[in-house]
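Working through the structure, step by step
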Amino acid sequence: GAAIGAASATTIKGTTIDATTDFTIDGLVLTADTITNDATLTIDGDAGDDFTVDTSKLVVEGNTGRVGIGTASPDGDLDVRGSTGYVYFTTGIAGAGQAQNLIFRSGSVAETLIGQIEFSGNANGSSQIVTRNTSNLKLGTNNTVAMTISGSGQNVGIGTTAPRSPLQLGRV
């Protein structure tokens, strides 16, 4: 097959490689839909120097580091889109009955836990949506808050965004 090694200083930029035989880039071997050998595939950091699988099935933008699944232009750090209306988040397959968590963190060095969504796989378990700090938890529809749980006092307000008692009803 074709080979490009580090010593050859060959650059392929903006090129689609459709190799019908093995293709080797500095120890990275591409063979009929398979990558073998220990090697690092480096994507240049320039705009347009993206790693793409089948147009938009998987995209890693070279200049932003954004990852897109189902889109060629990710809008955030991770942008997942699908045409079936389903995006699955699966953890702990081996631990049936255990709680499954989606945890949100803030910060790049000393990451702080800021929230969590947890669903129990046990019929007698508890599921929860919680903040991991004293910020308020608000629930609503149509981008309008209908219920607030205060982060510091644990007061619940329905129809108010600043509950001052254990249960405060606003407009009823």
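Each helix and strand counted, the protein has zero helices and 15 strands in total. Counting every position in the protein, which comprises 172 residues, the buried fraction comes to 14%. Put simply, of all contacts in the protein between residues at least 6 apart along the chain, 3% involve residues at least 24 apart. Looking at the protein as shown, the accessible area adds up to about 12,600 Å², and 52% of this sits on carbon and sulfur atoms.

The next subject is the side chain of Thr-71. When you line up the elements, Thr-71 lands in the loop between β7 (67-69) and β8 (78-80). What makes Thr-71 buried here is its relative accessible area of 7%. From its side chain, Thr-71 meets the backbone nitrogen of Ser-73 in a polar contact 3.2 Å long.

As a further point, take the side chain of Glu-118. Relative to the helices and strands, Glu-118 is located in strand β10 (residues 112-119). Buried charge without a partner: Glu-118 forms no salt bridge, and the closest opposite charge is Arg-132, 6.6 Å away. Separated by 3.1 Å, the side chains of Glu-118 and Gln-116 make a polar contact. Every residue in contact with Glu-118, bar those within four places of it in the chain, is listed here: Ala-99, Gln-100, Asn-101, Ser-126, Ser-127 and Gln-128.

Attention shifts here to the sheet that holds strand β12 (residues 137-141). The strand order β12-β13-β14-β15 describes an open sheet built from four strands, whose pairing is mixed. Edge positions in the sheet fall to β12 and β15 (167-169), since each of these pairs with one other strand and no more. Taken over all neighbouring pairs, the strand axes of this sheet differ in orientation by 25 degrees on average, direction set aside.

The phi angle at Asn-142 is positive, at roughly 50 degrees, despite the residue not being glycine. Within the element layout of this structure, Asn-142 appears in the loop between β12 and β13 (144-149). By relative accessible area, which is 74% here, Asn-142 ends up exposed.

On to the environment of Gly-153. By the element assignment, Gly-153 lies in the loop between β13 and β14 (156-158). According to the relative accessible area criterion, Gly-153 is partly exposed, its value standing at 41%. Between the C-alpha atoms of Gly-153 and Thr-134, which are 19 residues apart in sequence, the distance is 8.8 Å.

Before going further, it helps to spend a moment on the pattern of salt bridges. All told, the structure shown has two salt bridges when counted by the stated rule. Close ionic contact of Arg-81 with Asp-75 constitutes a salt bridge, the shortest N to O distance being 2.7 Å. Among the ionic pairs, Asp-79 bridges to Arg-81, the shortest N-O distance being 2.8 Å. We classify Arg-81 as partly exposed; its relative accessible area is 38%.

All right, on to the confidence of the model for the protein then. Residues of the protein with pLDDT of at least 70 account for 65%, and the chain-wide mean is 76. Every residue in residues 1-10 scores below 50 in pLDDT, and together they form 15 contacts with partners more than four places removed in sequence or on other chains.

What counts and what doesn't
Residues numbered from 1 in each chain as written. Predicted model: local features only at pLDDT ≥ 70, side-chain atom pairs only at ≥ 80, totals over all residues. Heavy atoms only, no water. Helix = DSSP H or I, 4+ residues; strand = E, 2+ residues; numbered from the N terminus. Buried < 20%, exposed > 50% of the residue type's maximum accessible area, 1.4 Å probe, protein only. Contact = heavy atoms within 4.5 Å. Areas by Shrake-Rupley, 256 points an atom, 1.4 Å probe, with all protein chains shown as cover. Polar contact = N/O pair within 3.5 Å; in protein donor to acceptor, adjacent residues only side chain to side chain. Lys, Arg positive; Asp, Glu negative; His and termini not counted. Salt bridge = Lys/Arg side-chain N within 4 Å of Asp/Glu carboxyl O. Pairing = 2+ DSSP bridges. Axes fitted to C-alpha atoms, helices over the stretch in contact; angles between N-to-C directions. pLDDT = per-residue confidence, 0-100.

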